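Structural features, examined
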Number of protein chains: 2
Amino acid sequence: MDMQPELCKVDDALGILVGKWKPIILLILLQEGTKRFSDLKRRVPGITQKMLTKQLRELEEEDIITRNVYAQVPPKVEYSISEYGRSLEPILVAMHEWGTAHTLHKTKKGQL
Amino acid sequence: MDMQPELCKVDDALGILVGKWKPIILLILLQEGTKRFSDLKRRVPGITQKMLTKQLRELEEEDIITRNVYAQVPPKVEYSISEYGRSLEPILVAMHEWGTAHTLHKTKKGQL
DNA sequence: CAGTATCCCGCCAGATACTG
DNA sequence: CAGTATCTGGCGGGATACTG
């Protein structure tokens, strides 16, 4: 296998996943499906409106999520994972599994 | 499958991989084995001594890489992937594959 | 409800110079 | 050769207030 370090395609995926709230937003949309803005805000404790909007806009810009605006009052906007965004799932799964094992690793290290 | 978004173990893996030069350093060590400091510096064009040192220290701190110092003049220090660090390989591979496909995705989008 | 608009701070990362 | 030390700017991210 040759991953051609010099081209570092890894950075492309990393760039999309990096952002303090992006992983959790993606996990929620992947596992629980379409969500409204306010539902996401409740689901991600601690996030501000500004940050939620920003992260969603960036993910939308990369075609990872889809934004659906309903022309009504009061406003209703729904977000969901795009078909393309779903292709990130294996990466998220791999990272989640590694993270779980990592927790144990750190625990063992601390017990020495 | 339940990845428990609220705990977001994904951030653990992400935190270790994030850093402007970490992915490329890890790919090089994974694919080409042990390297000296100066070899790495040559292998990663554009990186400064300060940044190379910093990224290596951070990876070492997480037990992802191993630092081997030879007590001689002139100094010789070798870096290699630790057994634990090798467990990150599936993630790097998944991200590289996604990144490669992503390039095509962007190209198609641009052609519309 | 679903956003903008401002103000602000900390830290990542770059440039450059120096050293055992 | 393999590092520190110092100065610096930019940007990610937080707090708060306002709006169609």
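Reading guide: rules and limits
Per-chain numbering applies: the sequence of each chain, read as written, is numbered from 1 onward. Whichever chain is written first becomes A and whichever ligand is written first becomes 1, with later ones labelled in order. The model is predicted, so local features are restricted to residues of pLDDT at least 70 and side-chain atom pairs to those at 80 or more, both for listing and for counting; the totals for chains, interfaces and linings are taken over all residues. No hydrogens and no water enter the side-chain calculation; it runs on all heavy atoms of the structure. The working definition used for a salt bridge is a side-chain nitrogen of Lys or Arg within 4 Å of a carboxyl oxygen of Asp or Glu. The cut-offs for exposure are 20% and 50% of the maximum accessible area for each residue type, with area from a 1.4 Å probe on protein chains only; residues under the lower value are buried, those over the upper are exposed, and the others partly exposed. Two rings from Phe, Tyr or Trp (for Trp, the six-membered ring) form a pair when their centres sit within 6.5 Å of each other. Planes less than 30 degrees apart are called stacked, planes more than 60 degrees apart edge-to-face, and all others tilted. Comment: the charge-over-ring label is applied if NZ (Lys) or CZ (Arg) is within 6 Å of the ring centre and within 35 degrees of the ring normal. Pairs of strands are assigned from DSSP output, requiring at least two bridges between the strands. A run of H or I in DSSP counts as a helix once it spans at least four residues, and a run of E counts as a strand once it spans at least two, with each numbered from the N terminus. Residue contacts are defined here by distance: any two heavy atoms, one from each residue, within 4.5 Å place the two residues in contact. Fitting a line to C-alpha atoms yields each axis, with helices limited to the stretch in contact; the angle taken between N-to-C directions then spans 0 to 180 degrees. This arc is taken over the directions from the axis of the helix to the C-beta atoms. Polar contact is the term for a pair of N or O atoms within 3.5 Å; when the atoms are in protein, one must be able to donate a hydrogen and the other to accept it, and sequence-neighboring residues count only if both atoms are side-chain atoms. Residues are grouped as follows: nonpolar covers Ala, Val, Leu, Ile, Met, Phe, Trp, Tyr, Cys and Pro; charged covers Asp, Glu, Lys and Arg; every other residue, Gly included, is treated as polar. The least-squares superposition of copies is restricted to C-alpha atoms, and to residues with a pLDDT of at least 70 in both copies. UniProt positions are given in the numbering used here, feature names are shortened, and annotations may be inferred rather than shown by experiment.

All names here are of chain A. Within the structure shown, the criterion is met by 14 salt bridges over all chains. The salt bridge involving Lys35 is made with Glu32; its shortest N-O contact spans 3.1 Å. Look at Lys35 and you get buried, because its relative accessible area is 18%. For Glu32, a relative accessible area of 33% puts it in the partly exposed group.

As a further point, take the packing of aromatic side chains. Going through the model one piece at a time under the given rule, you end up with two aromatic pairs over all chains. Note that Lys76(A) overlies the ring of Tyr70(A), its terminal NZ or CZ placed 4.7 Å from the centroid.

Residue and element names in this part refer to chain B. As paired elements, strand β2 (residues 65-70) and strand β3 (residues 76-81) share six bridges and run antiparallel to each other. When the bridges of β3 are listed, Arg67 appears paired with Tyr79. Here β2 folds back onto β3 in antiparallel fashion, the turn holding five residues.

All right, on to the sheet that holds strand β1 (residues 35-36) of chain B then. Residue and element names in this part refer to chain B. Spatially, β1-β3-β2 is the arrangement adopted by the three strands of the open sheet, whose pairing is antiparallel. Edge positions in the open sheet fall to β1 and β2, since each of these has one partner strand only. Sitting on the sheet, helix α4 (residues 49-61) is in contact with β2 and β3, with an inclination near 115° to β2.

This part covers helix α1 (residues 10-17) of chain A. Among the residues of α1(A), Val10(A), Ala13(A), Leu14(A), Ile16(A) and Leu17(A) are the ones counted as buried. Here the buried residues of α1(A) occupy an arc of 165° about the axis, which is enough to place them on one side. Structurally, α1(A) contributes buried residues whose contacts are with α2 (22-32), α4 (49-61) and α6 (89-111) of chain A together with α1 (10-17), α2 (22-32) and α6 (89-111) of chain B. Once α1(A) finishes, Gly19(A) follows within two positions and takes phi at roughly 150°, a positive value.

The accessible area lost on association of the parts is a frequent measure of interface size. Each side of the interface is counted separately: chain B has 43 residues, and chain A has 43 residues. Across the salt bridge formed by Glu6(B) and Arg43(A), the nearest N and O atoms sit 3.9 Å from each other. The tally of links between chain B and chain A comes to 11 residue pairs in polar contact (both at pLDDT 80 or more). Looking at the side of chain B that touches chain A, the elements that each hand over two or more residues are α1, α2 and α6 of chain B. The element best represented in the side of chain B that touches chain A is α6(B), accounting for 14 residues. In terms of residue class, the side of chain B that touches chain A is built from 23 nonpolar, nine polar and 11 charged.

Next up on the list: the relation of the copies chain B and chain A. Overlaying chain B on chain A yields an RMSD of 0.0 Å, the required transformation being a rotation through 180° with an accompanying axial translation of 0.0 Å. Here the two chains are linked by the operation of a two-fold rotation axis. Closest to the rotation axis within chain B is the C-alpha of Ile91(B), separated from it by 3.1 Å. Looking at chain B, 100% of its interface residues are interface residues in chain A too, so the copies touch through the same face.

A few words now on the UniProt feature "domain: HTH hxlR-type" (unreviewed entry) in chain A. Under the present numbering, the feature "domain: HTH hxlR-type" (unreviewed entry) in UniProt falls on residues 8-107 of chain A. The span residues 8-107 of chain A is 62% helix and 14% strand, and its two end C-alpha atoms sit 32 Å from each other.

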